[in-house]
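Summary of structural features
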Amino acid sequence: FDLVVIDEAAQALEASCWISILKGKRLVLAGDHKQLPPTIKSNEVRVQRGLGRTLFERIMGSKQEDGKQMSRMLRTQYRMNADIANWASKASY
């Protein structure tokens, strides 16, 4: 595929993302790493720590070879009333 888009990537386990990633030439991960984490059905702390950090979260903190940020935050969304969206954004971020 020319482009692979993984929506809700902040909730996706990294291993499940790689299946699609390897099929494409370019990749877009969409999601919000400050919302719901991935669902991990294990009570073992070791497993939760290992799977709890997603590929999306790691990339949010990464830089390209030229030093530029790899991620982009969207500035406009169209699903919510502007006043509510502004309040939620200020309260969360």
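Below is a short write-up of the structure. (Residues numbered from 1 in each chain as written. Predicted model: local features only at pLDDT ≥ 70, side-chain atom pairs only at ≥ 80, totals over all residues. Heavy atoms only, no water.)

**A word on the overall build of the protein**
- When helices and strands are tallied, the protein shows 4 helices and 2 strands.
- The linear arrangement of helices and strands in the protein, starting from the amino end, is β-α-β-α-α-α.
- When the backbone C-alpha atoms are referred to their principal axes, the protein occupies close to 40 × 40 × 25 Å.
- Sorting the 93 residues of the protein into buried and exposed places 18% on the buried side.
- A separation threshold of at least 6 residues defines the contact pool for the protein, and within that pool the share at least 24 residues apart is 43%.
- Accessible surface, the protein as shown: approximately 8000 Å² in total, 53% of it carbon and sulfur.
- Of the side chains in the protein, 15 bear a positive and 10 a negative charge, and the two mean positions are spaced by 2 Å. (Helix = DSSP H or I, 4+ residues; strand = E, 2+ residues; numbered from the N terminus. Buried < 20%, exposed > 50% of the residue type's maximum accessible area, 1.4 Å probe, protein only. Contact = heavy atoms within 4.5 Å. Areas by Shrake-Rupley, 256 points an atom, 1.4 Å probe, with all protein chains shown as cover. Lys, Arg positive; Asp, Glu negative; His and termini not counted. Charge placed at Lys NZ, Arg CZ, Asp CG, Glu CD.)

**Regarding the pattern of salt bridges**
- The tally for this structure, following the rule as stated, stands at 3 salt bridges.
- Its salt-bridge partner being lysine 25, residue aspartate 2 comes within 3.5 Å of it at the nearest N-O pair. Of this pair, aspartate 2 sits in the segment before strand S1 (3-6) while lysine 25 sits in the loop between helix H1 (14-21) and strand S2 (26-29); the two residues are 23 residues apart in sequence, bridging distant segments of the chain.
- For lysine 25, a relative accessible area of 68% gives the class exposed.
- A salt bridge links arginine 46 to glutamate 44, with the shortest nitrogen-to-oxygen separation between them at 3.1 Å.
- What makes arginine 46 exposed here is its relative accessible area of 64%. (Salt bridge = Lys/Arg side-chain N within 4 Å of Asp/Glu carboxyl O.)

**Here's the deal with the pairing of S2**
- Taken together, the 4 bridges between S1 and S2 define a ladder with parallel strand orientation. Bridged to valine 5 within S2 is valine 28.
- Running through H1, the crossover from S1 to the neighbouring parallel element S2 is right-handed. (Pairing = 2+ DSSP bridges. Right-handed = clockwise from strand over helix to strand, strands pointing away.)

**Comments concerning a nonpolar patch on the surface**
- A surface patch of nonpolar side chains, amounting to about 240 Å² of accessible area, comprises Leu3, Val5 and Val28.
- Classification of leucine 3 by relative accessible area gives partly exposed; the value is 41%. (Patch = residues over 30% accessible without salt bridge, like charges linked within 9 Å, V, L, I, M, F, W, Y side chains within 5 Å.)

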